[in-house]
Amino acid sequence: MPTPKLLIAYDGSPNAQSAIHTVAGLFPGATAILFNARQPLEGFAAHLEGHPALEKLQGLDAAVLDVSEKIAADGAQLARDLGLNAEPLISSTMATASEAIVDAAEELNVDLIVLGSRGLRGFKATLLGSTSASVLHHATRPTLVIPSDDVAVARRSTRALSTAS
């Protein structure tokens, strides 16, 4: 069986790091693209043409891009340390993170999309949205959502409490 090509959505969070650990064990030696989706601040700047604040916003956007590049590079290094053939990739788009992930998966012709789960539920998930849920609903590629150990423990505790009632 050929080595799969993975798109790993990576935001630097402990949940994303946990997903890399898990997927490296499931697919040793796989090709992995560590993908960080960022929204440039230019969308906010459209109405600031000629305003002095625009220069400050452009400087802030450059700093955010630097951080995004570091996050993706750190994720790729972690993946390489765990045996994956990994490279970072940054997306700067006005699309949501989930749209950017789905689009990148198509453009790169990956075999599997991998995401960590933050474990948001109820009102918080509704209010903040869920990137993993959105990707699952819109992806045309197989998608794997990996809960971190902390999220899995919390879910088990919640399940145990609800069945004990």
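Residues numbered from 1 in each chain as written. Predicted model: local features only at pLDDT ≥ 70, side-chain atom pairs only at ≥ 80, totals over all residues. Heavy atoms only, no water.

Counting secondary structure elements, the chain contains seven helices and five strands. Going residue by residue from the N terminus, the α and β elements of the chain occur as β-α-β-α-α-β-α-β-α-α-β-α. In the chain, the share of contacts with a sequence separation of at least 24, taken over all contacts with a separation of at least 6, comes to 77%. Per element, the accessible surface of the chain, about 9,700 Å² overall, is 56% carbon and sulfur. (Helix = DSSP H or I, 4+ residues; strand = E, 2+ residues; numbered from the N terminus. Contact = heavy atoms within 4.5 Å. Areas by Shrake-Rupley, 256 points an atom, 1.4 Å probe, with all protein chains shown as cover.)

Let us now look at the nonpolar core. Core analysis: the largest hydrophobic core is formed by 19 residues, its most contacted members being Ile 8, Leu 34 and Leu 84. Listed by contribution, the elements that provide at least two residues to this core are strand S1 (5-9), helix H1 (14-26), strand S2 (31-38), helix H3 (53-81) and strand S4 (112-117). Per-element tally for this core: the top contributor is H1, with five residues. Setting aside chain neighbours within four positions, we find Leu 34 in contact with Ile 8, Tyr 10, Ile 20, Ala 72, Gly 75, Ala 76, Ala 79, Ala 86, Glu 87, Pro 88 and Leu 89. If you look at the next biggest cluster of nonpolar residues, it comprises 14 residues, including Ala 9, Ala 104, Ala 105 and Ile 113. (Core = buried A, V, L, I, M, F, W, Y, C linked by side-chain atoms within 4.5 Å. Buried < 20%, exposed > 50% of the residue type's maximum accessible area, 1.4 Å probe, protein only.)

So, about the confidence of the model for the chain. In this model, the chain carries an average pLDDT of 83, and 78% of its residues clear a pLDDT of 70 or more. Averaged pLDDT values for the elements of the chain fall to 45 in helix H5 (residues 122-128) and rise to 98 in S1. (pLDDT = per-residue confidence, 0-100.)

With that out of the way, let us pick up the side chain of Asn 36. Structurally, Asn 36 is set in strand S2. Dropping the residues within four chain positions of it, Asn 36 is found in contact with Tyr 10, Asp 11, Ser 68, Ile 71, Ala 72, Leu 89, Ile 90 and Ser 91.

The subject of this paragraph is the sheet that holds S1. Across the sheet, which stays open at both edges, the five strands sit in the order S3-S2-S1-S4-S5 with parallel pairing between neighbours. The open sheet has two edge strands with one neighbour each: strand S3 (85-92) and strand S5 (143-147). Across the sheet, the mean angle from the axis of one strand to that of its neighbour is 25°, orientation sign disregarded. (Pairing = 2+ DSSP bridges. Axes fitted to C-alpha atoms, helices over the stretch in contact; angles between N-to-C directions.)

Before going further, it helps to spend a moment on the pairing of S1. The side chains of a regular strand alternate between both faces of the sheet. Here S1 lies mainly inside the structure; four of its five residues are buried. For S1 and S2, the ladder comprises five bridges, and the chain directions are parallel. From the neighbouring strand, Ile 8 faces S2, where its bridge partner is Leu 34. In this fold, the crossover linking S1 to S2 by way of H1 has right-handed handedness. Pairing analysis gives three bridges linking S1 to S4, with the strands arranged parallel. Within the sheet, the bridge partner assigned to Leu 6 lies in S4 and is Leu 112. (Right-handed = clockwise from strand over helix to strand, strands pointing away.)

Attention shifts here to the environment of Ala 72. Residue position: Ala 72 is located in helix H3. It is 9.4 Å that separates the C-alpha atoms of Ala 72 and Ala 37, two residues lying 35 residues apart in sequence. When sequence neighbours within four positions are dropped, the list of residues in contact with Ala 72 reads Leu 34, Asn 36, Pro 88, Leu 89 and Ile 90.

Phi at Asn 109 is positive, roughly 55°, even though this residue is not glycine. Following the sequence through the fold, Asn 109 ends up in the loop between helix H4 (97-108) and S4.

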